[in-house]
Amino acid sequence: MKAEIIIDKNFIIGDVDRNIYGSFIEHLGRAVYEGIYQPGHETADEQGFRQDTLELVKELQVPIVRYPGGNFVSNYFWEDGVGPRDRRKKRMEIAWRVVETNEVGLDEFADWAKKANTEVMMAVNLGTRGISDALNLLEYCNLEKGSYYSDMRIANGHEQPHAFKMWCLGNEMDGPWQTGHKTSYEYGRLASEVGRAMKIMDPSIKLVASGSSTSSMPTFASWEAEVLNECYDEVDYLSLHQYYNNIDNDSADFLARNLEMDHFISSVVSICDFVKAKKRGKKDIMLSFDEWNVWYHSNNAPVQAWSEHPHQLEDIYNFEDALLVGSLLITLLRHCDRVKCACLAQLVNVIAPIMTSDTGAWRQTIFYPFLDCSNYGNGTVLNTIVKAPVYDSKNFCDVPYIDSVVLVNDEEGSVTIFAVNKNQEEAIEVTSDLRQFDNYSLKWHKVLQHNDLKAVNTEEDPWQVVPQLSYSTVFAAGKLFMNLEKQSWNVIRLEKN
Ligand code: AHR
(Lines give C-alpha, C1' and ligand atoms only; values in the text may rest on other atoms or scores of the structure.)
Protein backbone atom coordinates (compact mmCIF):
# COMPACT_ATOMS: atom_id res chain seq x y z
CA MET A 1 0.00 0.00 0.00
CA LYS A 2 1.11 3.53 -0.70
CA ALA A 3 0.20 6.95 0.70
CA GLU A 4 1.30 10.54 0.32
CA ILE A 5 1.58 13.43 2.76
CA ILE A 6 1.23 16.85 1.13
CA ILE A 7 2.28 20.01 2.90
CA ASP A 8 3.30 23.55 2.08
CA LYS A 9 5.03 25.63 4.73
CA ASN A 10 2.77 28.58 3.88
CA PHE A 11 -0.41 26.62 4.60
CA ILE A 12 -0.71 26.89 8.32
CA ILE A 13 -3.35 25.76 10.81
CA GLY A 14 -1.85 27.57 13.79
CA ASP A 15 0.73 27.60 16.55
CA VAL A 16 0.59 24.92 19.20
CA ASP A 17 -0.38 26.13 22.65
CA ARG A 18 1.68 23.87 24.87
CA ASN A 19 -1.29 23.58 27.23
CA ILE A 20 -2.71 20.96 24.84
CA TYR A 21 -0.21 18.63 26.50
CA GLY A 22 -1.87 19.13 29.87
CA SER A 23 -3.00 16.37 32.20
CA PHE A 24 -5.25 15.86 35.19
CA ILE A 25 -4.96 14.71 38.79
CA GLU A 26 -8.17 14.15 40.71
CA HIS A 27 -8.58 13.17 44.34
CA LEU A 28 -9.66 9.75 43.17
CA GLY A 29 -8.31 6.28 43.81
CA ARG A 30 -4.52 6.25 44.11
CA ALA A 31 -3.82 9.30 41.96
CA VAL A 32 -2.79 11.53 44.84
CA TYR A 33 -2.27 9.07 47.69
CA GLU A 34 0.25 6.35 46.69
CA GLY A 35 0.58 8.05 43.30
CA ILE A 36 2.26 11.40 43.75
CA TYR A 37 2.28 11.36 47.57
CA GLN A 38 3.38 8.53 49.82
CA PRO A 39 5.27 9.55 52.94
CA GLY A 40 7.48 6.71 54.08
CA HIS A 41 8.02 5.50 50.53
CA GLU A 42 11.71 4.93 49.83
CA THR A 43 11.75 7.68 47.18
CA ALA A 44 9.60 10.18 49.13
CA ASP A 45 11.09 13.63 49.69
CA GLU A 46 10.69 15.69 52.87
CA GLN A 47 7.11 16.56 51.84
CA GLY A 48 6.16 12.97 51.11
CA PHE A 49 6.23 13.32 47.30
CA ARG A 50 7.43 10.26 45.45
CA GLN A 51 10.49 11.07 43.37
CA ASP A 52 10.08 8.05 41.11
CA THR A 53 6.63 9.33 40.04
CA LEU A 54 7.92 12.89 39.79
CA GLU A 55 10.73 11.87 37.44
CA LEU A 56 8.26 10.21 35.06
CA VAL A 57 5.93 13.23 35.19
CA LYS A 58 8.88 15.50 34.37
CA GLU A 59 9.82 13.26 31.46
CA LEU A 60 6.34 13.87 30.00
CA GLN A 61 6.86 17.66 30.18
CA VAL A 62 3.28 18.32 31.16
CA PRO A 63 2.74 22.11 31.16
CA ILE A 64 -0.49 22.18 33.18
CA VAL A 65 -2.39 19.79 35.48
CA ARG A 66 -6.10 20.12 36.19
CA TYR A 67 -6.95 19.70 39.89
CA PRO A 68 -8.67 18.57 42.18
CA GLY A 69 -11.46 17.09 39.99
CA GLY A 70 -13.40 15.86 38.16
CA ASN A 71 -16.54 14.68 39.87
CA PHE A 72 -14.69 15.08 43.17
CA VAL A 73 -14.70 18.86 42.96
CA SER A 74 -18.48 19.15 42.99
CA ASN A 75 -18.68 18.68 46.74
CA TYR A 76 -15.14 19.72 47.65
CA PHE A 77 -14.42 21.96 50.61
CA TRP A 78 -10.96 23.28 49.85
CA GLU A 79 -10.62 24.63 53.40
CA ASP A 80 -10.51 20.99 54.63
CA GLY A 81 -7.16 20.55 52.92
CA VAL A 82 -5.24 23.61 54.16
CA GLY A 83 -3.57 24.41 57.45
CA PRO A 84 -2.11 22.04 60.05
CA ARG A 85 -2.51 18.42 58.96
CA ASP A 86 -3.55 17.14 62.38
CA ARG A 87 -6.61 19.38 62.25
CA ARG A 88 -7.79 18.35 58.79
CA LYS A 89 -11.17 16.68 58.50
CA LYS A 90 -11.88 13.34 56.95
CA ARG A 91 -14.89 13.59 54.65
CA MET A 92 -17.33 11.17 53.09
CA GLU A 93 -16.52 11.72 49.42
CA ILE A 94 -19.78 11.01 47.63
CA ALA A 95 -18.63 11.20 43.99
CA TRP A 96 -16.52 8.05 44.32
CA ARG A 97 -17.97 6.71 47.61
CA VAL A 98 -14.68 6.82 49.51
CA VAL A 99 -13.20 8.64 52.49
CA GLU A 100 -11.05 11.68 51.66
CA THR A 101 -8.40 12.23 54.32
CA ASN A 102 -7.37 15.70 53.12
CA GLU A 103 -3.72 15.01 53.91
CA VAL A 104 -2.98 16.65 50.58
CA GLY A 105 -4.70 19.92 49.78
CA LEU A 106 -4.15 22.75 47.38
CA ASP A 107 -1.01 24.14 49.06
CA GLU A 108 0.74 20.79 48.87
CA PHE A 109 -0.46 20.28 45.32
CA ALA A 110 0.90 23.68 44.31
CA ASP A 111 4.27 22.68 45.85
CA TRP A 112 4.21 19.40 43.95
CA ALA A 113 3.37 21.20 40.71
CA LYS A 114 6.45 23.42 41.11
CA LYS A 115 8.61 20.36 41.62
CA ALA A 116 7.04 18.81 38.50
CA ASN A 117 7.67 21.99 36.42
CA THR A 118 3.99 22.38 35.75
CA GLU A 119 1.13 24.82 36.36
CA VAL A 120 -2.12 24.13 38.17
CA MET A 121 -5.46 24.44 36.40
CA MET A 122 -7.75 24.91 39.38
CA ALA A 123 -11.40 23.87 39.44
CA VAL A 124 -14.02 25.47 41.66
CA ASN A 125 -16.96 23.63 43.17
CA LEU A 126 -20.13 24.78 41.43
CA GLY A 127 -22.07 21.67 42.48
CA THR A 128 -22.69 22.41 46.15
CA ARG A 129 -21.09 25.86 46.41
CA GLY A 130 -21.23 29.17 44.58
CA ILE A 131 -19.96 32.72 44.22
CA SER A 132 -18.62 33.44 47.68
CA ASP A 133 -16.68 30.18 47.96
CA ALA A 134 -15.15 30.61 44.52
CA LEU A 135 -14.09 34.12 45.54
CA ASN A 136 -12.63 32.94 48.84
CA LEU A 137 -10.65 30.26 47.05
CA LEU A 138 -9.36 32.72 44.46
CA GLU A 139 -8.43 35.17 47.21
CA TYR A 140 -6.55 32.41 49.06
CA CYS A 141 -4.68 31.32 45.93
CA ASN A 142 -4.00 34.47 43.96
CA LEU A 143 -4.08 37.56 46.17
CA GLU A 144 -0.76 38.70 47.53
CA LYS A 145 -1.61 39.69 51.09
CA GLY A 146 -3.68 41.92 53.33
CA SER A 147 -7.00 40.10 53.14
CA TYR A 148 -8.49 37.35 55.29
CA TYR A 149 -7.83 34.44 52.90
CA SER A 150 -4.53 35.64 51.44
CA ASP A 151 -3.24 36.11 54.97
CA MET A 152 -4.53 32.64 55.84
CA ARG A 153 -2.37 31.22 53.03
CA ILE A 154 0.64 33.11 54.33
CA ALA A 155 -0.05 31.81 57.86
CA ASN A 156 -0.17 28.32 56.35
CA GLY A 157 3.39 28.77 55.11
CA HIS A 158 2.92 30.07 51.57
CA GLU A 159 4.22 33.63 51.49
CA GLN A 160 3.90 33.92 47.70
CA PRO A 161 0.52 33.60 46.00
CA HIS A 162 0.04 30.46 43.93
CA ALA A 163 -1.07 32.70 41.03
CA PHE A 164 -3.11 30.03 39.24
CA LYS A 165 -4.04 31.36 35.80
CA MET A 166 -6.55 28.82 34.45
CA TRP A 167 -9.77 28.14 36.37
CA CYS A 168 -12.52 25.65 35.58
CA LEU A 169 -16.04 26.71 36.52
CA GLY A 170 -17.26 23.40 37.92
CA ASN A 171 -17.11 20.00 36.28
CA GLU A 172 -19.52 18.17 33.96
CA MET A 173 -22.53 20.03 35.30
CA ASP A 174 -24.67 18.51 32.50
CA GLY A 175 -24.27 15.00 33.96
CA PRO A 176 -27.08 13.64 36.18
CA TRP A 177 -24.36 11.85 38.20
CA GLN A 178 -22.77 15.16 39.11
CA THR A 179 -23.35 16.40 42.64
CA GLY A 180 -25.38 19.55 42.14
CA HIS A 181 -26.22 18.70 38.50
CA LYS A 182 -27.90 21.66 36.78
CA THR A 183 -29.86 22.56 33.70
CA SER A 184 -27.97 24.51 31.05
CA TYR A 185 -29.72 27.72 32.06
CA GLU A 186 -29.04 27.24 35.78
CA TYR A 187 -25.40 26.43 35.12
CA GLY A 188 -24.91 29.15 32.50
CA ARG A 189 -26.27 31.80 34.87
CA LEU A 190 -24.11 30.57 37.74
CA ALA A 191 -21.00 30.40 35.57
CA SER A 192 -21.66 33.93 34.40
CA GLU A 193 -22.08 35.34 37.92
CA VAL A 194 -19.15 33.40 39.41
CA GLY A 195 -16.97 34.26 36.43
CA ARG A 196 -17.80 37.96 36.58
CA ALA A 197 -17.03 38.13 40.31
CA MET A 198 -13.78 36.17 39.93
CA LYS A 199 -12.54 38.43 37.14
CA ILE A 200 -13.27 41.51 39.23
CA MET A 201 -11.04 40.05 41.93
CA ASP A 202 -8.29 38.92 39.52
CA PRO A 203 -8.68 40.16 35.93
CA SER A 204 -5.63 38.16 34.80
CA ILE A 205 -7.27 34.75 35.13
CA LYS A 206 -8.73 32.69 32.28
CA LEU A 207 -12.02 30.84 32.79
CA VAL A 208 -13.27 27.55 31.38
CA ALA A 209 -17.03 26.89 31.24
CA SER A 210 -18.17 23.26 31.47
CA GLY A 211 -19.31 21.85 28.17
CA SER A 212 -20.86 18.42 27.66
CA SER A 213 -19.40 15.48 29.52
CA THR A 214 -19.48 13.47 26.28
CA SER A 215 -20.74 14.18 22.79
CA SER A 216 -23.35 11.42 23.26
CA MET A 217 -25.18 13.27 26.02
CA PRO A 218 -28.81 13.91 24.99
CA THR A 219 -28.30 17.58 25.80
CA PHE A 220 -25.13 17.89 23.69
CA ALA A 221 -25.05 20.95 21.44
CA SER A 222 -28.03 22.69 23.04
CA TRP A 223 -26.12 22.56 26.37
CA GLU A 224 -23.14 24.36 24.79
CA ALA A 225 -25.30 26.95 23.05
CA GLU A 226 -27.45 27.68 26.10
CA VAL A 227 -24.55 27.82 28.55
CA LEU A 228 -22.53 30.15 26.32
CA ASN A 229 -25.60 32.25 25.72
CA GLU A 230 -25.46 33.08 29.45
CA CYS A 231 -21.71 33.33 30.06
CA TYR A 232 -20.08 34.21 26.70
CA ASP A 233 -18.82 37.55 28.05
CA GLU A 234 -17.19 36.09 31.14
CA VAL A 235 -15.47 32.93 29.89
CA ASP A 236 -12.49 32.27 27.65
CA TYR A 237 -12.80 28.53 27.00
CA LEU A 238 -15.48 25.89 26.75
CA SER A 239 -14.60 22.38 27.89
CA LEU A 240 -15.03 19.07 26.06
CA HIS A 241 -14.73 15.64 27.70
CA GLN A 242 -14.66 12.28 25.95
CA TYR A 243 -13.36 8.81 26.71
CA TYR A 244 -13.02 6.02 24.13
CA ASN A 245 -13.38 2.27 24.55
CA ASN A 246 -13.05 -1.00 22.72
CA ILE A 247 -15.65 -2.97 24.66
CA ASP A 248 -16.73 -4.73 21.44
CA ASN A 249 -13.13 -5.85 20.86
CA ASP A 250 -13.25 -4.50 17.31
CA SER A 251 -9.81 -3.00 16.82
CA ALA A 252 -10.39 -1.54 13.34
CA ASP A 253 -13.42 0.32 14.66
CA PHE A 254 -11.67 1.35 17.85
CA LEU A 255 -8.69 2.78 15.96
CA ALA A 256 -11.09 4.95 13.95
CA ARG A 257 -12.50 6.66 17.06
CA ASN A 258 -10.38 9.77 16.58
CA LEU A 259 -12.77 10.63 13.73
CA GLU A 260 -15.39 11.00 16.43
CA MET A 261 -13.12 13.39 18.35
CA ASP A 262 -12.53 15.35 15.15
CA HIS A 263 -16.27 15.70 14.57
CA PHE A 264 -16.90 16.62 18.22
CA ILE A 265 -14.31 19.42 18.08
CA SER A 266 -15.64 20.81 14.78
CA SER A 267 -19.18 20.80 16.17
CA VAL A 268 -18.20 22.66 19.34
CA VAL A 269 -16.23 25.22 17.32
CA SER A 270 -19.38 25.83 15.25
CA ILE A 271 -21.51 26.30 18.36
CA CYS A 272 -19.02 28.75 19.88
CA ASP A 273 -19.01 30.71 16.63
CA PHE A 274 -22.79 30.64 16.44
CA VAL A 275 -23.06 32.23 19.91
CA LYS A 276 -20.35 34.75 19.01
CA ALA A 277 -22.30 35.74 15.88
CA LYS A 278 -25.60 35.91 17.74
CA LYS A 279 -24.09 38.23 20.33
CA ARG A 280 -22.16 40.27 17.78
CA GLY A 281 -19.21 39.22 19.90
CA LYS A 282 -15.59 40.11 19.26
CA LYS A 283 -13.77 37.21 20.88
CA ASP A 284 -13.50 33.59 19.84
CA ILE A 285 -14.22 31.08 22.58
CA MET A 286 -11.34 28.61 22.67
CA LEU A 287 -11.68 24.91 23.42
CA SER A 288 -10.30 23.14 26.46
CA PHE A 289 -10.49 19.39 25.84
CA ASP A 290 -9.76 18.90 29.49
CA GLU A 291 -10.63 15.21 29.83
CA TRP A 292 -9.72 12.73 27.11
CA ASN A 293 -8.30 9.23 27.04
CA VAL A 294 -9.14 5.58 26.56
CA TRP A 295 -11.15 4.31 29.55
CA TYR A 296 -12.91 0.97 29.93
CA HIS A 297 -10.50 -1.75 31.09
CA SER A 298 -11.23 -1.16 34.77
CA ASN A 299 -14.97 -0.58 34.47
CA ASN A 300 -16.26 -3.49 36.54
CA ALA A 301 -13.50 -3.65 39.14
CA PRO A 302 -15.08 -3.91 42.61
CA VAL A 303 -14.34 -1.15 45.11
CA GLN A 304 -14.77 -1.30 48.86
CA ALA A 305 -17.15 1.59 49.66
CA TRP A 306 -15.94 4.25 52.09
CA SER A 307 -12.35 3.05 52.13
CA GLU A 308 -9.37 5.41 51.88
CA HIS A 309 -7.75 5.76 48.44
CA PRO A 310 -8.63 2.31 47.10
CA HIS A 311 -7.58 1.03 43.68
CA GLN A 312 -10.07 2.76 41.35
CA LEU A 313 -10.13 3.20 37.57
CA GLU A 314 -6.73 1.53 37.19
CA ASP A 315 -6.87 0.77 33.49
CA ILE A 316 -3.99 -1.34 32.22
CA TYR A 317 -3.39 0.04 28.75
CA ASN A 318 -2.45 -2.16 25.82
CA PHE A 319 -0.68 -1.41 22.57
CA GLU A 320 -3.82 -0.57 20.56
CA ASP A 321 -4.72 2.01 23.21
CA ALA A 322 -1.37 3.69 22.53
CA LEU A 323 -2.15 3.76 18.81
CA LEU A 324 -5.50 5.45 19.42
CA VAL A 325 -3.93 7.91 21.87
CA GLY A 326 -1.46 8.78 19.09
CA SER A 327 -4.31 9.39 16.64
CA LEU A 328 -6.19 11.46 19.23
CA LEU A 329 -3.10 13.62 19.75
CA ILE A 330 -2.80 14.10 15.99
CA THR A 331 -6.47 15.16 15.95
CA LEU A 332 -5.93 17.69 18.74
CA LEU A 333 -2.91 19.10 16.89
CA ARG A 334 -4.90 19.42 13.67
CA HIS A 335 -7.33 21.64 15.61
CA CYS A 336 -4.65 23.71 17.33
CA ASP A 337 -6.17 26.95 16.05
CA ARG A 338 -9.08 26.47 18.48
CA VAL A 339 -8.03 23.77 20.95
CA LYS A 340 -5.77 25.75 23.23
CA CYS A 341 -5.82 23.42 26.19
CA ALA A 342 -6.30 19.66 26.59
CA CYS A 343 -5.79 17.32 29.53
CA LEU A 344 -4.97 13.66 29.22
CA ALA A 345 -7.15 12.17 31.95
CA GLN A 346 -5.47 11.32 34.12
CA LEU A 347 -1.75 11.33 35.02
CA VAL A 348 -0.96 8.76 37.72
CA ASN A 349 -2.64 5.40 38.52
CA VAL A 350 -6.19 6.51 37.63
CA ILE A 351 -6.68 5.95 33.84
CA ALA A 352 -3.11 7.09 33.52
CA PRO A 353 0.14 6.81 31.57
CA ILE A 354 2.08 6.35 34.83
CA MET A 355 1.46 3.50 37.27
CA THR A 356 2.89 3.00 40.74
CA SER A 357 3.04 0.29 43.35
CA ASP A 358 4.78 0.31 46.71
CA THR A 359 7.83 -1.05 44.93
CA GLY A 360 8.02 0.96 41.72
CA ALA A 361 6.68 3.30 39.04
CA TRP A 362 6.47 2.46 35.34
CA ARG A 363 5.32 3.71 31.95
CA GLN A 364 2.11 2.35 30.45
CA THR A 365 1.87 1.97 26.65
CA ILE A 366 0.04 5.29 26.23
CA PHE A 367 2.96 7.10 27.89
CA TYR A 368 4.96 6.99 24.66
CA PRO A 369 2.84 8.84 22.07
CA PHE A 370 2.07 11.48 24.70
CA LEU A 371 5.78 11.82 25.50
CA ASP A 372 6.64 12.20 21.81
CA CYS A 373 4.04 14.88 21.18
CA SER A 374 4.81 16.81 24.31
CA ASN A 375 8.57 16.66 23.68
CA TYR A 376 8.61 17.19 19.89
CA GLY A 377 5.18 18.59 18.97
CA ASN A 378 6.02 22.27 19.33
CA GLY A 379 5.81 25.10 16.82
CA THR A 380 3.42 25.57 13.91
CA VAL A 381 1.03 22.94 12.64
CA LEU A 382 0.86 22.77 8.85
CA ASN A 383 -2.33 21.93 7.05
CA THR A 384 -1.35 18.34 6.34
CA ILE A 385 -3.17 16.60 3.51
CA VAL A 386 -2.95 12.83 3.76
CA LYS A 387 -3.78 10.83 0.63
CA ALA A 388 -4.12 7.31 1.97
CA PRO A 389 -6.17 4.19 1.28
CA VAL A 390 -9.29 3.95 3.43
CA TYR A 391 -11.34 1.24 5.14
CA ASP A 392 -14.86 0.89 6.52
CA SER A 393 -15.52 -0.31 10.07
CA LYS A 394 -18.68 -0.97 12.07
CA ASN A 395 -19.31 2.69 12.91
CA PHE A 396 -17.13 4.58 10.45
CA CYS A 397 -16.78 4.89 6.67
CA ASP A 398 -13.71 5.88 4.69
CA VAL A 399 -11.29 5.72 7.59
CA PRO A 400 -7.82 6.64 6.31
CA TYR A 401 -5.26 3.99 7.22
CA ILE A 402 -2.81 6.80 7.91
CA ASP A 403 -3.31 9.64 10.38
CA SER A 404 -0.61 12.25 10.22
CA VAL A 405 0.30 15.82 11.04
CA VAL A 406 3.40 17.87 10.25
CA LEU A 407 4.86 20.64 12.42
CA VAL A 408 7.59 23.13 11.63
CA ASN A 409 9.55 24.95 14.28
CA ASP A 410 11.77 27.75 13.01
CA GLU A 411 13.26 28.39 16.44
CA GLU A 412 14.35 24.78 16.82
CA GLY A 413 15.02 24.45 13.09
CA SER A 414 12.95 21.29 12.92
CA VAL A 415 10.25 19.54 10.95
CA THR A 416 8.37 16.83 12.86
CA ILE A 417 5.97 14.29 11.38
CA PHE A 418 3.65 12.25 13.58
CA ALA A 419 1.94 9.35 11.85
CA VAL A 420 -0.14 6.30 12.76
CA ASN A 421 -0.54 3.34 10.44
CA LYS A 422 -3.84 1.64 11.41
CA ASN A 423 -3.47 -1.19 8.95
CA GLN A 424 -3.17 -4.44 10.92
CA GLU A 425 -1.84 -6.45 7.97
CA GLU A 426 0.52 -4.29 5.97
CA ALA A 427 3.23 -1.69 6.16
CA ILE A 428 2.49 1.44 4.12
CA GLU A 429 5.04 3.31 2.01
CA VAL A 430 4.48 7.01 2.52
CA THR A 431 6.17 9.70 0.47
CA SER A 432 6.28 13.44 0.93
CA ASP A 433 7.69 16.19 -1.24
CA LEU A 434 9.79 18.28 1.14
CA ARG A 435 11.80 20.33 -1.35
CA GLN A 436 10.90 23.43 0.71
CA PHE A 437 13.07 21.89 3.41
CA ASP A 438 16.04 20.78 1.34
CA ASN A 439 18.44 22.44 3.79
CA TYR A 440 17.22 19.98 6.44
CA SER A 441 18.48 16.44 7.16
CA LEU A 442 16.70 13.42 8.47
CA LYS A 443 17.69 13.00 12.15
CA TRP A 444 15.72 9.96 13.20
CA HIS A 445 12.55 7.95 12.83
CA LYS A 446 11.15 6.51 16.07
CA VAL A 447 8.51 3.81 15.93
CA LEU A 448 6.24 2.20 18.53
CA GLN A 449 5.18 -1.15 17.12
CA HIS A 450 4.08 -4.50 18.47
CA ASN A 451 2.63 -7.51 16.69
CA ASP A 452 0.17 -8.05 19.53
CA LEU A 453 -2.38 -5.25 19.84
CA LYS A 454 -3.16 -6.44 23.36
CA ALA A 455 0.45 -6.29 24.66
CA VAL A 456 0.85 -4.37 27.93
CA ASN A 457 3.61 -3.02 30.15
CA THR A 458 3.54 -4.17 33.76
CA GLU A 459 5.77 -3.69 36.77
CA GLU A 460 7.27 -7.16 36.17
CA ASP A 461 7.63 -6.63 32.43
CA PRO A 462 7.76 -2.86 31.81
CA TRP A 463 9.53 -2.97 28.42
CA GLN A 464 7.05 -4.98 26.34
CA VAL A 465 5.88 -1.95 24.38
CA VAL A 466 8.69 0.55 23.91
CA PRO A 467 9.79 2.77 21.03
CA GLN A 468 12.64 1.70 18.73
CA LEU A 469 14.58 3.51 16.06
CA SER A 470 13.58 2.73 12.49
CA TYR A 471 16.19 2.85 9.72
CA SER A 472 13.76 2.51 6.85
CA THR A 473 13.21 6.21 6.13
CA VAL A 474 15.22 8.06 3.50
CA PHE A 475 15.35 11.78 2.67
CA ALA A 476 16.92 12.36 -0.74
CA ALA A 477 16.61 15.11 -3.37
CA GLY A 478 13.87 16.79 -1.34
CA LYS A 479 11.73 13.67 -1.18
CA LEU A 480 10.97 11.76 2.00
CA PHE A 481 10.33 8.01 1.76
CA MET A 482 8.89 6.51 4.93
CA ASN A 483 8.04 2.92 5.56
CA LEU A 484 5.37 2.86 8.26
CA GLU A 485 5.17 -0.62 9.73
CA LYS A 486 1.75 -2.22 10.16
CA GLN A 487 -0.05 -1.00 13.33
CA SER A 488 2.53 1.56 14.35
CA TRP A 489 3.01 5.02 15.87
CA ASN A 490 5.82 7.00 14.21
CA VAL A 491 7.78 10.18 14.79
CA ILE A 492 10.04 11.39 11.99
CA ARG A 493 12.34 14.27 12.75
CA LEU A 494 14.24 16.51 10.34
CA GLU A 495 16.57 19.25 11.49
CA LYS A 496 18.16 22.22 9.74
CA ASN A 497 21.75 21.65 8.59
O1 AHR B 1 -11.69 11.20 35.02
C2 AHR B 1 -12.63 10.45 35.68
C3 AHR B 1 -13.99 11.12 35.72
O4 AHR B 1 -14.52 11.18 34.44
C5 AHR B 1 -14.00 12.54 36.20
O6 AHR B 1 -14.08 12.65 37.58
C7 AHR B 1 -15.24 13.09 35.57
O8 AHR B 1 -15.15 14.46 35.32
C9 AHR B 1 -15.41 12.27 34.32
O10 AHR B 1 -16.71 11.79 34.19
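Procedures and definitions
- Residues numbered from 1 in each chain as written.
- Predicted model: local features only at pLDDT ≥ 70, side-chain atom pairs only at ≥ 80, totals over all residues.
- Heavy atoms only, no water.
- Pairing = 2+ DSSP bridges.
- Helix = DSSP H or I, 4+ residues; strand = E, 2+ residues; numbered from the N terminus.
- Contact = heavy atoms within 4.5 Å.
- Axes fitted to C-alpha atoms, helices over the stretch in contact; angles between N-to-C directions.
- Near = heavy atom within 4 Å.
- Polar contact = N/O pair within 3.5 Å; in protein donor to acceptor, adjacent residues only side chain to side chain.
- Areas by Shrake-Rupley, 256 points an atom, 1.4 Å probe, with all protein chains shown as cover.
- Nonpolar A, V, L, I, M, F, W, Y, C, P; charged D, E, K, R; others polar.
- Domains from an automatic or database assignment.
- Buried area = accessible area lost by both parts, 1.4 Å probe.
- Salt bridge = Lys/Arg side-chain N within 4 Å of Asp/Glu carboxyl O.
- Buried < 20%, exposed > 50% of the residue type's maximum accessible area, 1.4 Å probe, protein only.
- Phe/Tyr/Trp six-rings, centres within 6.5 Å; stacked < 30°, edge-to-face > 60°.
- Parallel < 35°, antiparallel > 145°, perpendicular 65-115°, else oblique.
- Left-handed = near helix turned anticlockwise from the far one by under 90°.

*Asks:* Is there a simple way to explain the sheet that holds strand β22 (residues 440-449) in this structure?
*Replies:* Backbone-to-backbone hydrogen bonds pair the strands of a sheet. The strands run either parallel or antiparallel. Here seven strands make up an open sheet; going across it, the order is β2-β15-β19-β20-β26-β22-β23 and the pairing antiparallel. Two strands bound the open sheet, and with one partner strand each, they are β2 (12-15) and β23 (468-469). The sheet contact formed by β22 and β23 spans two bridges and is antiparallel. Residue lysine 446 lies in a different strand from β23, and its bridge partner there is leucine 469. Its contacts with the sheet place helix α9 (residues 319-334) against β2, β15 (380-382), β19 (402-409), β20 (414-421), β22 and β26 (488-496), and it is angled at close to 50° to β19.

*Asks:* When you look at the site of the ligand in this model, what are you seeing that I'm missing?
*Replies:* Around the ligand sit Phe24, Glu26, Gly70, Asn71, Trp96, Asn171, Glu172, Tyr243, Glu291, Trp295, Gln346 and Ile351, and that is every residue in its neighbourhood. In this structure, an oxygen atom belonging to the ligand sits 2.6 Å away from a side-chain N or O atom of glutamate 26. Tyrosine 243 is positioned with one of its side-chain polar atoms (N or O) 2.8 Å from an oxygen atom of the ligand. Considered on its own, the ligand offers 280 Å² of accessible surface; in the complex 95% of this is hidden by protein. Tallied by class, residues from the shell around the ligand come to five nonpolar, four polar and three charged.

*Asks:* Would you explain the domain arrangement of the chain in this entry?
*Replies:* Interfaces are frequently sized by the accessible area removed from exposure as the parts join. What the domain assignment lists for the chain is domain 1 (2-8 + 382-496) and domain 2 (17-376). One C-alpha centre belongs to domain 1, the other to domain 2, and the line joining them spans 30 Å. In this assembly, 41 residues from domain 1 lie in contact with 37 residues from domain 2. Taken as a group, Phe396, Glu459 and Trp489 account for 20% of the area that domain 1 buries against domain 2, more than any other trio of residues on that side. One can count three salt bridges joining domain 1 with domain 2. A salt bridge links glutamate 320 to lysine 454; its shortest N-O distance comes to 2.7 Å. On inspection of domain 1 and its partner domain 2, the count reaches 22 residue pairs in polar contact (both at pLDDT 80 or more).

*Asks:* Got a minute to help me understand helix α2 (residues 106-115) in this structure?
*Replies:* Residues lying three or four places apart along an α-helix face the same way, a consequence of the helix completing one turn every 3.6 residues. Burial runs high along α2: eight of the 10 residues are buried. Taken residue by residue, α2 has Leu106, Asp107, Glu108, Phe109, Ala110, Asp111, Trp112 and Ala113 as its buried positions. Those residues of α2 that are buried are in contact with α1 (51-60), β4 (64-67), β7 (119-124), α3 (131-142) and α4 (148-155).

*Asks:* Explain unusual backbone geometry here, please?
*Replies:* It is generally the case that most residues other than glycine have a negative phi and that most peptide bonds are trans. Along the chain, tyrosine 67 connects to proline 68 via a cis peptide bond; the corresponding omega equals 0°. One can find proline 68 in the loop between β4 and β5 (91-93). In the segment running from glycine 69 into glycine 70, the intervening peptide bond is cis, with an omega of 15°. Despite not being glycine, alanine 221 has its phi angle at roughly 85°, a positive value. Looking at where alanine 221 falls in the secondary structure, it is placed in the loop between β9 (206-209) and α6 (222-231). Of note, the phi angle at aspartate 398 is positive, near 50°, even though the residue is not glycine. Here aspartate 398 lies in the loop between β17 (390-391) and β18 (399-400). By relative accessible area, which is 52% here, aspartate 398 ends up exposed.

*Asks:* What is the right way to look at the pairing of strand β1 (residues 2-6) in this model?
*Replies:* Here β1 shows a buried face lined by Ala3 and Ile5 and an unburied face lined by Lys2, Glu4 and Ile6. Alignment of β1 against strand β21 (residues 428-433), held across four bridges, turns out to be parallel. In the sheet register, isoleucine 5 faces β21, and the bridge partner there is serine 432. Bridge count for β1 against strand β16 (residues 385-387) is three bridges, and the pairing is antiparallel. Looking at β16, one finds that isoleucine 5 is bridged to valine 386.

*Asks:* What is the right way to look at the packing of aromatic side chains in this model?
*Replies:* Two aromatic rings, taken as a pair, are described by how far apart their centres are and by the angle between their planes. Tallying each qualifying case throughout the model produces 19 aromatic pairs. An angle of 90° between the planes, with centres 6.5 Å apart, marks the rings of tyrosine 21 and phenylalanine 370 as edge-to-face. Placement of the pair is tyrosine 21 in the loop between β2 and β3 (22-24) and phenylalanine 370 in helix α10 (residues 367-376), with a sequence separation of 349 residues. Of the residues examined, phenylalanine 370 reaches a relative accessible area of 1% and is grouped as buried. When the centroid spacing of 5.1 Å and the interplanar angle of 50° are considered together, the rings of tryptophan 78 and tyrosine 140 count as tilted. With tryptophan 78 in the loop between β4 and β5 and tyrosine 140 in helix α3, this pair connects stretches of sequence that are 62 residues apart. Judged by relative accessible area, tyrosine 140 falls into the buried class, the value being 0%.

*Asks:* What am I meant to see in the pairing of β21 here?
*Replies:* Taking every second residue as pointing to the same face, the buried face of β21 carries Ile428, Val430 and Ser432, while none of Glu429, Thr431 and Asp433 on the other face is buried. Judged from the six bridges that link them, β21 and strand β25 (residues 479-484) form a sheet pairing that is antiparallel. By the bridge assignment for β25, aspartate 433 is matched with lysine 479.

*Asks:* Could you clarify how one ought to interpret the packing of α3 against helix α5 (residues 184-201) in this entry?
*Replies:* Helices that pack against each other are described as a pair by the angle of their axes relative to one another and the distance between those axes. At a minimum axis distance of 9 Å, the contact between α3 and α5 shows a crossing angle of 30°. Relative to α5, α3 is oriented roughly parallel. By crossing handedness, the relation of α3 to α5 is classed as right-handed. Contacts from Ile131, Ala134, Leu135, Leu138 and Glu139 in α3 reach Glu193, Val194, Ala197, Met198 and Met201 in α5. Taken together, the residues of the contact of α3 with α5 sort by class into eight nonpolar, no polar and two charged.

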